[in-house]
Amino acid sequence: MNIGVLGTGQISSSLVRGFCTDTAGKDLHFYVSPRNREKAAALAAAFPEQVTVCETNQQVVDQSEWVLLALLPPQAEEILRPLRFRQEQNIITLISDHGLKEIVSWTGPVRKAIRMVPLPFAELHMGPIVYCPKDTEVEQLFAPLGQVLALDGEEKLNTVLTMTALMSPFYLLIHKTVEWGKDHGLSDRTALDYMSSFFEALSAMAQRAPDSEAVRMLCCDTTKGGLNESAYQWIESGGGYTFWLQAMDQVWDRLNKTE
Ligand SMILES: NC(=O)c1ccc[n+]([C@@H]2O[C@H](COP(=O)([O-])OP(=O)(O)OC[C@H]3O[C@@H](n4cnc5c(N)ncnc54)[C@H](OP(=O)(O)O)[C@@H]3O)[C@@H](O)[C@H]2O)c1
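Since this is a predicted model, take the numbers as computed values, not measurements.

**Student:** Requested: an account of helix α1 (residues 10–20), with residues and values cited.
**Tutor:** In terms of burial, α1 is largely enclosed, as eight of its 11 residues are buried. Those residues of α1 lying buried are I11, S12, S13, L15, V16, R17, G18 and F19. Elements that come into contact with the buried residues of α1 comprise β1 (2–6), β2 (29–32), α2 (37–46), β3 (51–53) and β4 (66–69).

Here it is, written out as structure tokens:
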């Protein structure tokens, strides 16, 4: 199957790498847009049998049964409008700020139009990939890249998309706590190994919890007067959690303004 990629950037590179490093992806061929030139060249060099760098965006569309739209929101309309999509073609948009109706008004009618939120960990064949509307072909295609989950409606997709905006704050939290560990005597490697493994194990515990209340208990059932209690109470009384929720509110407002 031929898959086109419009916008060879961070997320589409992760997806192509994820597909090309899985045996289930061996029957896929990727026709990627010439921009970003370095990223497109890197994919073609890593997977010469499976990646072709096209000369133009129209060539990407012409070669493909499925086209991944991985363009930046402000550029998407200008890039998509002049392209000629075929009615029997399928598109999967990853573009954050625009809903399916708007995207299809730019591409014209297509066989299937899917909106999806993958994340860079798809390259490692792990983590959630949410999308809508539900589609068995999409589920089969993306299954090697992680846990594929259909949501019923774009409003729910926007809720999840808002949650994904915590990816960067989370990485910065790891970075800052690792730096703190280094300032207090640990090597970079030890501090990073410890914090990443620590958060992975905490997430595994949260994932096993039956509901959100059980996760709250994981927080509050720590030693009375202990180290964890003093840390979370310090953060809570200083409004630390409110900041995270406010960050989500402003992302949510942005997404829903542009729908
Ligand atoms: N990054 C993520 O984790 C993630 C996750 C889910 C969804 N998304 C969404 O996916 C989209 C892409 O995000 P990204 O992080 O991958 O951004 P990115 O790395 O900046 O990728 C955008 C790509 O579009 C290319 N481009 C610019 N003009 C073009 C043109 N005329 N024709 C074809 N390609 C062109 C850029 O090339 P140049 O560098 O040459 O300008 C760049 O490679 C965004 O809408 C984002 O919201 C991202």
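**Student:** Describe the site of the ligand, naming the residues involved and giving the relevant values.
**Tutor:** Lining the immediate environment of the ligand, one finds 25 residues, of which G7, G9, Q10, N36 and S96 sit closest. Elements supplying a minimum of two residues to the shell around the ligand: α1 and α4 (73–80). Of the residues that constitute the shell around the ligand, the class distribution is 13 nonpolar, 10 polar and two charged.

**Student:** Please set out the packing of helix α7 (residues 154–164) against helix α12 (residues 240–257) residue by residue, giving values where relevant.
**Tutor:** Remark: α7 packs on α12, axes separated minimally by 9 Å, with the N-to-C direction vectors making an angle of 140 degrees. It follows that α7 is oblique to α12 by the angle criterion. As for how α7 packs across α12, the hand of that crossing is right-handed. Here N158, L161 and T162 of α7 lie close against α12, whose contacting residues are M248, V251, W252, L255 and N256. Taken together, the residues that form the contact of α7 with α12 break down as five nonpolar, three polar and no charged.

**Student:** Before we move on, can you summarise the environment of E49 with the specific residues and values?
**Tutor:** Inspection of the secondary structure puts E49 in the loop between α2 and β3. Residue E49 is classed as exposed on the basis of its C-beta count, with 8 C-beta atoms lying within 10 Å. Residues E49 and F30 lie 19 residues apart in sequence; the distance between their C-alpha atoms is 9.5 Å.

**Student:** Would you mind going over the sheet that holds strand β5 (residues 90–93) in detail, with residue names and values included?
**Tutor:** Strand order across the open sheet formed by eight strands is β3-β2-β1-β4-β5-β6-β7-β8, with mixed pairing between neighbours. Each having just a single partner strand, β3 and β8 (147–150) make up the two edges of the open sheet. Taken over all neighbouring pairs, the strand axes of this sheet differ in orientation by 25 degrees on average, direction set aside. Relative to strand β7 (residues 128–132), strand β6 (residues 112–117) is paired through three bridges, and the arrangement is antiparallel. Each bridged residue has a counterpart across the sheet, and for V117 the counterpart in β7 is V130. Where α7 meets the sheet, it contacts β6 and β7, and its direction lies at approximately 30 degrees from that of β6.

**Student:** Now, about the domain arrangement of the chain: what can you tell me, with residues and values included?
**Tutor:** By a widely used convention, the size of an interface equals the accessible area lost when the partners come together. Domain assignment breaks the chain into domain 1 (2–164) and domain 2 (167–257). The C-alpha centroid of domain 2 is placed 31 Å from the C-alpha centroid of domain 1. Opposite the six residues of domain 1 that make contact, domain 2 presents six residues. Looking at the side of domain 1 that touches domain 2, its residues break down into two nonpolar, three polar and one charged.

Definitions and cut-offs
- Residues numbered from 1 in each chain as written.
- Predicted model: local features only at pLDDT ≥ 70, side-chain atom pairs only at ≥ 80, totals over all residues.
- Buried ≥ 20, exposed ≤ 12 C-beta atoms within 10 Å, placed from the backbone.
- Helix = DSSP H or I, 4+ residues; strand = E, 2+ residues; numbered from the N terminus.
- Contact = placed C-beta atoms within 7 Å.
- Near = placed C-beta within 6 Å.
- Nonpolar A, V, L, I, M, F, W, Y, C, P; charged D, E, K, R; others polar.
- Axes fitted to C-alpha atoms, helices over the stretch in contact; angles between N-to-C directions.
- Parallel < 35°, antiparallel > 145°, perpendicular 65-115°, else oblique.
- Left-handed = near helix turned anticlockwise from the far one by under 90°.
- Pairing = 2+ DSSP bridges.
- Domains from an automatic or database assignment.

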